[in-house]
Amino acid sequence: MSDCLFCKIVAGEIPADIVYENDQLIAFKDINPKAPVHLLIVPRKHYPTLNDIPDEEMDIIAEIHKAVKVLAKKFGVAESGYRTLVNTNKEGGQVIYHVHYHLIGGRQLRA
Ligand code: AMP
Ligand code: ZN
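A short tour of the structure in this document, coming up. (Residues numbered from 1 in each chain as written. Chains lettered and ligands numbered in written order. Predicted model: local features only at pLDDT ≥ 70, side-chain atom pairs only at ≥ 80, totals over all residues. Heavy atoms only, no water.)

### Considering the coordination of the zinc ion (ligand 2)
Six octahedral donors around a metal ideally make angles of 90 or 180 degrees; four tetrahedral donors ideally make 109.5 degrees.
And step 1. In the first shell of the zinc ion (ligand 2), the protein supplies Cys-4 (SG), Cys-7 (SG), His-46 (ND1) and His-98 (ND1), at 2.0 to 2.3 Å from the metal.
And step 2. Around the zinc ion (ligand 2), the four donor atoms sit at angles spanning 106 to 116°, and that spread fits a shape best called tetrahedral.
And step 3. Going along the chain, you hit the donors of the zinc ion (ligand 2) in the pattern C-x2-C-x38-H-x51-H. Of this pair, Cys-7 sits in helix α1 (residues 5-10) while His-46 sits in the loop between β3 (37-43) and α2 (59-74), and the two are 39 residues apart along the sequence.
And step 4. Relative accessible area serves as the criterion here: at 14%, Cys-7 is assigned to the buried category.
And step 5. Its relative accessible area of 19% is what places His-46 among the buried residues. (Donors = N, O, S within 2.8 Å, 3.2 Å for Na, K, Ca; no water. Tetrahedral: all angles 85-135°; square planar, octahedral: opposite > 155°, others 65-115°. Helix = DSSP H or I, 4+ residues; strand = E, 2+ residues; numbered from the N terminus. Buried < 20%, exposed > 50% of the residue type's maximum accessible area, 1.4 Å probe, protein only.)

### Some remarks on the side chain of Asp-30
And step 1. Its place among the elements puts Asp-30 in the loop between β2 (25-29) and β3.
And step 2. For the buried residue Asp-30, which engages in no salt bridge, the nearest side chain bearing the opposite charge is Lys-34, 5.6 Å off.
And step 3. For Asp-30, the side chain forms a polar contact with the main-chain nitrogen of Asn-32, separated by 2.8 Å.
And step 4. The residues touching Asp-30, leaving out its near neighbours within four places in the chain, are His-38, Leu-39, Leu-40 and His-102. (Lys, Arg positive; Asp, Glu negative; His and termini not counted. Salt bridge = Lys/Arg side-chain N within 4 Å of Asp/Glu carboxyl O. Polar contact = N/O pair within 3.5 Å; in protein donor to acceptor, adjacent residues only side chain to side chain. Contact = heavy atoms within 4.5 Å.)

### Regarding the site of ligand 1
And step 1. In the vicinity of ligand 1, 15 residues are found, and the nearest of them are Asp-30, Val-95, Ile-96, His-100 and His-102.
And step 2. Between ligand 1 and the protein, one listed contact pairs an oxygen atom with a backbone N or O atom of Val-95 at 2.7 Å.
And step 3. Coverage of ligand 1 by the protein amounts to 85% of the 510 Å² it exposes when considered alone.
And step 4. Of all the cavities here, the one that holds ligand 1 is the largest pocket.
And step 5. If you list the elements that add at least two residues to the shell around ligand 1, you get α1 and β2.
And step 6. Of the residues that constitute the shell around ligand 1, the class distribution is seven nonpolar, six polar and two charged. (Near = heavy atom within 4 Å. Areas by Shrake-Rupley, 256 points an atom, 1.4 Å probe, with all protein chains shown as cover. 1 Å grid on protein atoms, 1.4 Å probe; cavity = no way out; pocket = protein on both sides within 12 Å on 5 of 7 lines; lining within 4 Å. Sits in = over half its atoms within 2 Å of the grid points. Nonpolar A, V, L, I, M, F, W, Y, C, P; charged D, E, K, R; others polar.)

Put into structure tokens, the structure is as follows:
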């Protein structure tokens, strides 16, 4: 989508601190980190919300979780612990309408 911030990052039109990428997804540092480690894992394909991923394309979710595992290890939080979360729509706190997983860690997170 031409007016989507994360599509522009995927396309290289807006800079981001990219920490991982493959043919299906990219991961970069959150610009406003809530913890010492705060990464966003983003499918290259534009889906506005989790609700919009067709059942036959849900493999992307497994790919994202594979990237989470790699990145948790790379950023040293695999054993200490981390949180993954997805905000969906207004009451879920979604601000950017391009599916993304947050990977947050590096400090004690509240329950
Ligand atoms: P959400 O509330 O789940 O939609 O989260 C959107 C996240 O994107 C927030 O944590 C923002 O800090 C982050 N964000 C917004 N713009 C950028 C950007 N240009 N580069 C990296 N992260 C961003
Ligand atoms: Zn997009």
